[in-house]
Amino acid sequence: MFEISERLKKIPPYLFVEIDKKKKKLLEKGEDVIDFGVGDPDMPTPSNIIEAMKKAVENPKFHRYPFGKGTKEFRKAISDFYKKNYDVKIDPDEEICVLIGSKEGISHFPLCFINPGDVSLVPEPGYPVYSIGTLIAGGESYFLPLKEENDFLPDLGKIPDEIVRKAKILYLNYPNNPTGSFANKDFLKDVINFCKKNKIILAYDAAYSEIYFEEKPVNIFSIEGAKEVTIEFNSLSKTYNMTGWRIGWACGNSFLISSLAKIKENIDSGTFEAIQFAGIEALTGSQDSVAKMREIYKKRRDLFADGIKKLGFEFSLPKGTFYFWVKIKENSIKFVDFLLENGKIVATPGVGFGPSGEGYVRFSLTINESKIKEAIERMKKIWAK
Ligand SMILES: Cc1ncc(COP(=O)(O)O)c(C=O)c1O
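Just so we're clear, the structure is a prediction, and the values are computed from it rather than from any experiment.

Criteria and thresholds
- Residues numbered from 1 in each chain as written.
- Predicted model: local features only at pLDDT ≥ 70, side-chain atom pairs only at ≥ 80, totals over all residues.
- Heavy atoms only, no water.
- Helix = DSSP H or I, 4+ residues; strand = E, 2+ residues; numbered from the N terminus.
- Buried < 20%, exposed > 50% of the residue type's maximum accessible area, 1.4 Å probe, protein only.
- Polar contact = N/O pair within 3.5 Å; in protein donor to acceptor, adjacent residues only side chain to side chain.
- Contact = heavy atoms within 4.5 Å.
- Pairing = 2+ DSSP bridges.
- Expected span 1.5 Å × (residues − 1).
- Near = heavy atom within 4 Å.
- Areas by Shrake-Rupley, 256 points an atom, 1.4 Å probe, with all protein chains shown as cover.
- Nonpolar A, V, L, I, M, F, W, Y, C, P; charged D, E, K, R; others polar.
- Axes fitted to C-alpha atoms, helices over the stretch in contact; angles between N-to-C directions.
- Parallel < 35°, antiparallel > 145°, perpendicular 65-115°, else oblique.

J.: I'd like a description of the side chain of S356, backed by residues and values.
T.: Along the chain, S356 turns up in the loop between β12 (348-349) and β13 (360-364). For S356, a relative accessible area of 14% corresponds to the buried category. There is a polar contact of 2.6 Å between the side chain of S356 and the side chain of E124. Excluding anything up to four places from it in sequence, S356 contacts E124, P125, P145, L146 and K147.

J.: Report on the pairing of strand β4 (residues 140-145), specifying residues and quantitative values.
T.: Alignment of strand β3 (residues 119-124) against β4, held across six bridges, turns out to be parallel. By the bridge assignment for β4, E124 is matched with P145.

J.: Break down helix α10 (residues 254-265) for me, citing the residues and quoting the values.
T.: Over its 12 residues, α10 extends 16 Å from the first C-alpha to the last, a length consistent with the 16 Å expected when each residue adds 1.5 Å. Taken residue by residue, α10 has L256, I257, S259, L260, A261 and K264 as its buried positions. Its buried side turned inward, α10 meets β2 (96-99), α5 (102-108), α6 (110-113), β6 (201-205), β7 (230-235) and β8 (248-252). Capping the start of α10 is the job of one residue whose side-chain oxygen sits 2.9 Å from the backbone nitrogen of F255: N253.

J.: Give a description of the site of the ligand that names residues and reports values.
T.: Taken together, 15 residues sit near the ligand, with D205, Y208, S235, S237 and K238 positioned nearest. Between an oxygen atom of the ligand and a side-chain N or O atom of Y208, the distance comes to 2.7 Å. Take S235: an N or O atom from its side chain is 2.7 Å from an oxygen atom of the ligand. When the ligand sits alone it has 400 Å² of accessible area, and the protein chains cover 92% of it. Residues belonging to the shell around the ligand are distributed by class as follows: five nonpolar, six polar and four charged.

J.: Hey, could you go over the environment of P60 for me, with residue numbers and the actual values?
T.: Structurally, the position occupied by P60 is in the loop between α3 (47-57) and α4 (72-86). Judged by its relative accessible area of 57%, P60 falls in the exposed class. For P60 and A274, which are 214 residues apart along the polypeptide, the C-alpha to C-alpha distance reads 9.6 Å.

J.: How would you summarise the packing of helix α13 (residues 332-343) against helix α14 (residues 369-384) if you had to cite specific residues and measurements?
T.: Running from amino to carboxyl end, α13 crosses α14 at an angle of 100°, the nearest separation of the two axes being 10 Å. In this view, α13 runs roughly perpendicular relative to α14, as classed from their interaxial angle. For the pair α13 and α14, the contacting residues are F335, F338, L339, N342 and G343 in the first and R378, M379, I382 and W383 in the second. Here the contact of α13 with α14 is built from residues that sort into six nonpolar, two polar and one charged.

Structure, rendered in C-alpha cells:
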C-alpha cells in the first residue's frame, strides 16, 4: 500500500541476515555460542558514573527539555578532558556540541554540507554510517580503500581530480574500526593540508580514542591548522562502557559545530541532562576504570593473538580498539559461516565493512578471557580435523 522513498530504497540490505538467523537458531537450541560479533563492551559502566546518574535522575531541574549544544558544565568537562589528555584547546562555548551518541552526529552531519551530487570521501573497510549518512543527505560516497600494505591509511593522492572537486567531506576514523590501526602525525599533517587546499571538511571519528595499548593516538587538533577544517566526533560509549546511555559530542571548528547544532535543533531536543551530569563524573572523576579497561583489552588482544598465531593466521597486531582484524585465505562470508557451523563461534565477515575488507574477518574482543581461550580450543579442533 505504501511506497518507501527512493532514499530508503538505496540503503543496502543488512549483509549478515543468514549468519544472524543461524546464530539465533543455535541459541534457541541452547548451544553455547561464543560471540565475537558485536562491538559492544561486555563490562558494566563504572560505579561512580552510575552513582552520579542516580543522584541526577532525582533532580527535577534535569527533567525538562535539554535543548541547545549541551549543558555548560558538561561542555566545560569535555574541554578540560582535551586539555588534560591531549594538551589541546577547545572552547566550551563555541566549539562543542553534545550529541545523543556520536552515531547521531556522524549521521546528521552530512545534512549540513551535502547537496545532491556532492561527494563524501569514505574509507573502506569502515563504519557504515559515513556513507549511509551521506546517502540520506542526497550525496554520493567515493570510497577510499584501506590496505594493510599502507598501514590501513587511505592514499589521498589516488583520488581523481574531478572527485576531489566534488568532495565536501572526508571521513577518517582512528583508532580504526575494524582494523585496530592508528594514524601517524605525518599522515594527519598531509590530510589537513589536503583538506585546506581543496576546501574539504575533515570529519574525524575518534570514538575509540581512549582504547589504546602501547602508545596514545594522535589527537587531530594537535596538528597545526586542523581546527580550520575539522570536526571531531567522540563519545563516552566505549571509554566508559556507556553504549546504552547514548551520549557523545562533536568538537572543533565553530562554524561546523554551529551548523550541526542548527540541524539538531530541528530534529531532536538534545541529550537528557541527567546523563550529561553523569558524563561530567565520567570525564572528571577517577580514571582508574579507564586504565583497567585498557589493561583488560590488551590482555585479551595478546591472548587472542597468541592463539590464532599458533593456528597459522596472519594479522597486524591492533594498536587500539577492541577489534582484531584477521587475514583469511577464503571468502569472508563462507569463512564466518564455517566457523559458526563447526565451532559455534560468531565473527563478522570483513566484506561487510566494504570490498577491501574481503579476505579478512573481524573479531570483537568484548568477551572474557576464558571464552577467548575456549574459542581458540574450538578453532584448534576444527583445523586439526
Ligand atoms: C567507528 C565508530 N564510530 C562511532 C560509533 C558510534 O558510537 P556511539 O554512537 O555509541 O558514540 C561506533 C560504534 O560502534 C564506531 O564503531
